[in-house]
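Single-letter residue listing:
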Amino acid sequence: GNSVTQMEGPVTLSEEAFLTINCTYTATGYPSLFWYVQYPGEGLQLLLKATKADDKGSNKGFEATYRKETTSFHLEKGSVQVSDSAVYFCALSPPNNNDMRFGAGTRLTVKP
Amino acid sequence: ETGVTQSPTHLIKTRGQQVTLRCSSQSGHNTVSWYQQALGQGPQFIFQYYREEENGRGNFPPRFSGLQFPNYSSELNVNALELDDSALYLCASSLQGVFNYGYTFGSGTRLTVV
């Protein structure tokens with residue numbers, strides 16, 4: 001079945017450090033891949049997405065590239081800010097869209 | 001464009017009781033999915049509704065049931081509540097057949113079973 005495995009946290013970084021959160025997936029067919037972010041007490045917000053192999057999703061300085069050969073969708077940011085502190089979820093959506101699967105989440109804390 | 005709204009935001013129930021959670025989908029969306037998010041974990045898929053019918057279900061027992069109404073809003077009902085049902089329940093709306101746009105999530109209902 002479809003599943004997502006993401007890097008366990010928590011991750012603690014200093015402001016302006018480089019961020020990588022690893023995500024790998026298992027899926028049949030050609031899913032779309034997503035990163036969602038959840039701030040305390042809130043629901044999930046779509047951060048970025050990629051719909052086919054070699055696509056790069058980007059938003060707010062975050063990037064992730066859909067790598068079919070390694071079944072990965074790692075999240076990166078060159079310089080994190082305190083305001084980036086949140087929980088990040090990798091997710092995939094199969095072509096039929098009736099079961100989006102999420103990873104367990106990675107908590108990021110950025111210290112000044 | 002209105003987003004996804006859920007009610008209530010918080011709820012405390014006693015074990016064995018029944019609960020109904022409500023969700024209004026984003027304007028233009030015709031599909032609603034429900035997720036359970038236990039503390040410190042990722043969201044787990046409960047089920048999805050499209051055209052007022054269940055359109056996929058995760059590994060949840062039948063005491064979790066739902067409805068979708070003609071205006072695309074939805075309800076999640078849980079009978080015979082158990083302590084392990086304590087979680088954040090998230091509703092997400094989307095447009096069927098447009099799977100690569102992702103879901104729009106509400107802020108969730110925090111259910112505590114005591």
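Reading guide: rules and limits
Residues numbered from 1 in each chain as written. Chains lettered and ligands numbered in written order. Predicted model: local features only at pLDDT ≥ 70, side-chain atom pairs only at ≥ 80, totals over all residues. Heavy atoms only, no water. Pairing = 2+ DSSP bridges. Helix = DSSP H or I, 4+ residues; strand = E, 2+ residues; numbered from the N terminus. Axes fitted to C-alpha atoms, helices over the stretch in contact; angles between N-to-C directions. Core = buried A, V, L, I, M, F, W, Y, C linked by side-chain atoms within 4.5 Å. Buried < 20%, exposed > 50% of the residue type's maximum accessible area, 1.4 Å probe, protein only. Contact = heavy atoms within 4.5 Å.

A. Molecular detail of the sheet that holds strand S9 (residues 75-77) of chain A. All names here are of chain A. Strand order in the open sheet formed by 4 strands is S3-S9-S8-S7, with antiparallel pairing between adjacent strands. This sheet does not close on itself; its edge strands, each paired only once, are strand S3 (19-21) and strand S7 (56-59). With strand direction ignored, the average angle separating the axes of adjacent strands in the sheet is 15°. The pairing of S7 with strand S8 (residues 62-65) spans 4 bridges and is antiparallel. Paired with Gly57 across the bridge in S8 is Ala64.

B. Structural detail: the nonpolar core. Core analysis: the largest hydrophobic core is formed by 25 residues, its most contacted members being Trp35, Leu48, Phe73, Leu75 and Tyr88 of chain A. Where this core is concerned, the elements lending two or more residues are strand S2 (11-14), S3, strand S4 (23-26), strand S5 (32-38), strand S6 (44-50), S8, strand S10 (86-93) and strand S12 (106-111) of chain A. If you tally residues by element for this core, the top one is S10 of chain A, at 4 residues. Those residues in contact with Leu48 of chain A, other than ones at most four positions away along the chain, are Leu33, Phe34, Trp35, Gly57, Ser58, Asn59, Phe62, Glu63, Ala64, Phe73 and Leu75 of chain A. In terms of nonpolar packing, the next biggest core, distinct from the first, is built from 19 residues, Trp34, Ile46, Tyr89 and Cys91 of chain B among them.

Any functional reading would require information that these geometric values do not contain.
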